[in-house]
Amino acid sequence: MANPKKQKMSRRKFLGISSCALTTAVVGSQVKVLKALAKSGDISEPVAAITKDVYTSCGMCVNKCGVIARVRDGVIHKLDPNPNFFPKSRGMLCARGNAGTKVVYDPDRLKYPLIRVGERGEGKWRRASWEEALDMVTNNMNQIAEKYNRASMMFASTEGTFSEHFFLQLAECYGTPNTLRHPTLCLSSNIQGFSATFGTNPTPDVKNADYIIMSGANRAEALMTPDSIDMIKTDGGGRRKLVYLDPRFTKTAAKADEWYPIKPGTDMAFILALINVIITEGLYDDDFIEENTVGFEQLAQHIKQYSPGWAATECDIPAKDIRRIAHEFANAAPSAVYYQGRRSSFFQNDTQMRRAMAILNAIVGAWDTKGGLLPNKKIALTKHDYLAPWYDDVPDRLDKGGVTYLSEKDGSWPVFRDRALAADPYPIKGMMVYKQNVLVSVPDRAKSLELMKQMDFICTIDITMSDTAWYSDVVLPEATYLERLDPPENLSGPVPVVAFRQPCVEAMFESKTNFWIMQQLAKRLGPEIAETFDFTMEEHIHHMLKKKPEIYDALFGKGVYYEDTEPEYGRLKGKRLRTRSGKIELYSEKYAKKGLDPLPVYKSPDKVPTNMYRLLVGRHAYFTHGTTANNALLHDLMPENTLWLAPSEARKLRLKNGQMVKVKSKVGEEKLKLEITEKIRPDSVYMAHGFGVLSKGLSNIAGVGGSDAALIESKYCPISGNCAMHETFVQITPA
Ligand SMILES: Nc1nc2c(c(=O)[nH]1)N[C@H]1C(S)=C(S)[C@@H](COP(=O)(O)OP(=O)(O)OC[C@H]3O[C@@H](n4cnc5c(=O)[nH]c(N)nc54)[C@H](O)[C@@H]3O)O[C@H]1N2
Ligand SMILES: Nc1nc2c(c(=O)[nH]1)N[C@H]1C(S)=C(S)[C@@H](COP(=O)(O)OP(=O)(O)OC[C@H]3O[C@@H](n4cnc5c(=O)[nH]c(N)nc54)[C@H](O)[C@@H]3O)O[C@H]1N2
Ligand code: SF4
Ligand SMILES: [Mo]
């Protein structure tokens, strides 16, 4: 909630701190560039002839790889990797990164503020001035505050733009606690399980690990830099080994030394059996355990029940392989990692499954050491402090108490939505959405549509007509990442870096930055809120970098900033960790106190019912989530999604490759093309994310493929509130 203790930062004080000389330098050079550019960019007719190369960072996914934009005749002709060394992306720009030009020059992009004229979802709009659209947003926000409560407004957003915090600032200043961010769709179980063990969510030292086990992380397609680069790299002659578990034969499986098509939802059985072998056969690092951990005795007792023979029947991986892998892993340790991945929205037991991973890494001493798990570092930047107004009558978050560990900032999407639908304990009537595609990214689309139906008002800030924008009342066009000056962002990691964005070309049409939009809304919400936004982006950047002006020179000079090129090992040796005991918690006292299993207890996933299949979802190298499938360049590479089904099952169902099939779950029904492939287990089917859209404003993909969000049931982990997206069963019939 709004914190009255926050230090007030007045505009004068703010400016006093910034370096004025530097401010002039940036603004000066920026203005020169912008002045020479087209006033209102028309794709086919660039007005000015600007030829230059501009450093920035990619905005096509979470990674923020270093980019150099080749601007020719005022148009971004090509995006290349930043040629300067950058520890995060090391000269890599993936297919999506290259396709960024088609985000700017996309005929489907949002060009002007739009106000709905027909029914919601009917697709009838009129162009509005910014003035009118912004007035409409704040009038509605004020009405909701008056009629219900400030907490009846929800703010949904996802990171990636570097300026999400301004959106969250507006929410806080307006006075709602109800911000819904992406972690419970993505990685919150991961953070929870690892933090409960190590006091932090560390990063695996993929580059230096001799032995890596990856399960449920498809790094050759679901790219995370630098892990995806390091995973592929071989030193030649090194003893590096990659063991990969996935119900599908992915590109990572193709690169692995061993691939096991594990039964979905049983990774914990495999991990517990590895721990069993390592403990019962004395392969653990007893000095490390003695010095750094608590609860080994309890773990040793608990793990006895989980033998490789037992695990083999659960997870379909032969007991002899489990035993051998346990030996190989322990022999390679501490230069060995069980890679925890990122997305942990798989099963309801995800937090405890990640706990098991963390415990396995700990007992072989793969912590804070070369080739093991590394605690992250961050380059400190100065925060923007502001004094949010205080409102006495605002209740707690709507989803408060819904799960054991709820993040006040992120909330839990599935819990929140259920309570909002029941107006329990109060109604949610207004929705502000910024860079989140609720109807595509949150499981059970029909429920999200119901949620939107009950709103008095919905405003979406996006760059294209996403499904969520399509169902909104006001749609505001943001300038794309290649047209914005964004605040620098400090990305934590074993080798922390700072990334930034500057405009490569002038923002086209009437698109504006999120920062500008937030400032304009703040102004309309009254002077107290306006004051918290009373600075320019240039001033903000100088403020953030005031303690380290050299970052400024590095960012604008070569596009990247970092202080180290290699991780520092043993950094936390002898130091207290941020757990209850100050040590690595094999046995979690904290969990015991909350009535949770203090050690991971295995439960089999629900059995696949006869004549049904488990629906699996996941990444494709050419797309980011559900929202780049319409990009012209990427669409050429993969024009539609298909349903993967094993040949043996296709024969049983008398289905042919390429035919249209109906996929039906408890909550939805979709039609898409069948792809018969050996690359998937017979008990599961798979579809890529991002097709089957509702919006007709996405011309390449409207009416194409099927939506996974429409099929996935809304289940979640009761500890973290993370969605469980692989617990849905579907029936397949000819369409
Ligand atoms: N190209 C691309 N890269 C991305 C992104 C993107 O959208 N596109 N998004 C980024 C983001 S936000 C995230 S969170 C990460 C996600 O990164 P990942 O989590 O690696 O990505 P997914 O493809 O969602 O899931 C990984 C794999 O888990 C498999 N799987 C399903 N069920 C099970 C199971 O029970 N056990 C095991 N062992 N495997 C299972 C799936 O078949 C899938 O291949 O990717 C990041 N990188
Ligand atoms: N079914 C299913 N659901 C999933 C997943 C899955 O694999 N399958 N993956 C989950 C995961 S791991 C994650 S992280 C979430 C992510 O899903 P979301 O939280 O929805 O986030 P994004 O997909 O990054 O962003 C979505 C919206 O941002 C818009 N956008 C892109 N760039 C900009 C910009 O510069 N400015 C503005 N204003 N808007 C922009 C896009 O057009 C899109 O509408 O999805 C989760 N949901
Ligand atoms: S992984 Fe690809 S899409 Fe993501 S930031 Fe890097 S280049 Fe861009
Ligand atoms: Mo994610």
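Residues numbered from 1 in each chain as written. Chains lettered and ligands numbered in written order. Predicted model: local features only at pLDDT ≥ 70, side-chain atom pairs only at ≥ 80, totals over all residues. Heavy atoms only, no water.

**Structural notes on the overall build of the protein chain**
We count it as follows: The way it works is that DSSP assigns letters per residue, a run of H or I at least four long becomes a helix, a run of E at least two long becomes a strand, and they are numbered from the N terminus. C-alpha atoms define the radius of gyration, and 2.2 Å times the number of residues to the power 0.38 defines the globule rule. For each residue, the accessible area found with a 1.4 Å probe, counting protein chains only, is set against the maximum for its type, and the residue is called buried under 20%, exposed over 50%, and partly exposed in between. Only heavy atoms enter the contact rule, under which two residues are in contact if any of them lie within 4.5 Å. Accessibility throughout is a Shrake-Rupley quantity obtained with a 1.4 Å probe, and a residue counts as covered only by protein chains that appear here.
On a plain count of helices and strands, the protein chain comes out with 26 helices and 27 strands. Taken against the 2.2 N^0.38 rule, which gives 27 Å for 735 residues, the C-alpha radius of gyration of the protein chain at 26 Å falls within 12% of a compact globule. Along the first, second and third principal axes, the C-alpha set of the protein chain runs to 70 × 60 × 55 Å. When the 735 residues of the protein chain are sorted by exposure, 61% land in the buried category. For the protein chain, restricting intrachain contacts to residue pairs at least 6 apart in sequence, the fraction spanning at least 24 positions comes to 75%. Just so you have it, the protein chain exposes about 27800 Å², and 51% of that area is on carbon and sulfur atoms.

**Here we look at the packing of aromatic side chains**
Spelled out, the test is: Whether two aromatic rings pair depends on their centres lying within 6.5 Å, for rings of Phe, Tyr and Trp, where Trp uses its six-membered ring; planes under 30 degrees apart make the pair stacked, over 60 edge-to-face, and the rest tilted.
A full pass over the atoms with the stated rule returns 23 aromatic pairs. Considering the side-chain rings of F167 and Y434, the 5.4 Å spacing of their centres and the 35° angle between planes classify their relative orientation as tilted. Residue F167 is found in helix α6 (residues 164-174), and its partner Y434 is found in strand β15 (residues 430-434); the two are separated by 267 residues along the sequence. The same class applies to F167 as to Y434, namely buried.

**A closer look at the domain arrangement of the protein chain**
Threshold: For each domain, the first and last residues come from an automatic or database assignment. Buried area is understood as the total, over both parts, of accessible area removed when two parts are fitted together, assessed with a 1.4 Å probe. The salt bridge definition used is simple: a Lys or Arg side-chain nitrogen within 4 Å of an Asp or Glu carboxyl oxygen. Two N or O atoms count as a polar contact when they lie within 3.5 Å, although within protein this holds only if one can serve as hydrogen donor and the other as acceptor, and sequence-adjacent residues are included solely when both atoms are side-chain atoms. Just so you know the grouping, Ala, Val, Leu, Ile, Met, Phe, Trp, Tyr, Cys and Pro go in nonpolar, Asp, Glu, Lys and Arg go in charged, and all remaining residues, Gly too, go in polar.
Parsing the protein chain into structural domains produces domain 1 (114-186 + 381-485 + 513-550), domain 2 (203-374) and domain 3 (613-734). Distance from the C-alpha centre of domain 1 to the C-alpha centre of domain 2: 39 Å. With 4 residues of domain 1 in contact, the opposing surface of domain 2 contributes 4 residues. Here domain 1 meets domain 2 over a buried area of about 270 Å², counting both sides, of which 37% is carbon and sulfur. Inspection of the domain 1/domain 2 interface yields 0 salt bridges. Here domain 1 is connected to domain 2 by 3 residue pairs in polar contact (both at pLDDT 80 or more). In terms of residue class, the side of domain 1 that touches domain 2 is made up of 2 nonpolar, 1 polar and 1 charged.

**Examining the site of ligand 3**
Just so we agree on the cut-off: Near residues are defined by distance, with any heavy atom within 4 Å of the molecule or strand qualifying the residue.
Near ligand 3, the surroundings consist of C58, M60, C61, N63, K64, C65, L93, C94, R96 and G97. In terms of residue class, the shell around ligand 3 is built from 6 nonpolar, 2 polar and 2 charged.

**Quick look at the sheet that holds strand β16 (residues 457-462)**
Test applied: Note on pairing: two strands pair once DSSP finds at least 2 bridges between them. Angular values range over 0 to 180 degrees, each being the angle between N-to-C directions of two axes fitted as lines to C-alpha atoms, with helices fitted over their stretch in contact.
An order of β5-β4-β17-β16-β15-β6-β7 is seen for the 7 strands of this open sheet, with the pairing classed as mixed. Across the chains shown, the open sheet's two edge strands, defined by having one partner strand only, are β5 (125-127) and β7 (179-181). Neighbour-to-neighbour, the strand axes of the sheet open up by a mean angle of 15°, direction not taken into account. By the bridge criterion, 4 bridges tie β16 to strand β17 (residues 474-477) in an arrangement that is parallel. By the bridge assignment, T460 is partnered in β17 with V475. Here α6 sits on the sheet and contacts β6 (153-157), β7 and β15; the angle it forms with β6, its principal contact strand, is near 170°. Where helix α20 (residues 514-525) meets the sheet, it contacts β15, β16 and β17, and its direction lies at approximately 150° from that of β16.

**Quick notes on the packing of helix α13 (residues 308-315) against helix α14 (residues 319-332)**
Quick note on the threshold: Crossings are classed by handedness, with left-handed meaning an anticlockwise turn of the near helix from the far one by less than a right angle and right-handed meaning a clockwise turn.
Taken N-terminus to C-terminus, the directions of α13 and α14 make an angle of 120°; their axes are 8 Å apart at the nearest point. For α13 against α14, the interelement crossing comes out right-handed. Here α13 contributes P308, G309, A311, A312 and C315 to the contact with α14, which in turn contributes A319, I322 and R323. Class assignment for the residues of the contact of α13 with α14 results in 6 nonpolar, 1 polar and 1 charged.

**Things to note about the side chain of K377**
Relative to the assigned elements, K377 resides in the loop between β14 (373-374) and α16 (413-421). For K377, a relative accessible area of 17% corresponds to the buried category.

**A word on the pairing of β16**
Counting buried residues along β16, 6 of its 6 residues qualify, which places the element largely inside the surrounding structure. Burial along β16 is two-sided: the residues F457, C459 and I461 and I458, T460 and D462 are all buried. In the sheet, β15 pairs with β16 via 5 bridges, with the strands oriented parallel. By the bridge assignment for β16, M432 is matched with C459.

**Some details on the nonpolar core**
Under the convention used in this document: Here the nonpolar core consists of buried residues drawn from Ala, Val, Leu, Ile, Met, Phe, Trp, Tyr and Cys, with membership extended through side-chain atoms lying within 4.5 Å.
M154, L170, W413 and M431 are the most contacted members of the largest nonpolar core, which totals 97 residues. At 7 residues, the largest contribution of residues to this core is made by helix α5 (residues 130-147). When residues of this core are assigned to domains, at least three map to each of domain 1 (114-186 + 381-485 + 513-550) and domain 3 (613-734). The residues touching M154, leaving out its near neighbours within four places in the chain, are N178, L180, W413, F416, I428, G430, M431, M432, L451 and M455. Within the second largest apolar cluster, 68 residues are counted, among which are L272, L274, A300 and I325.

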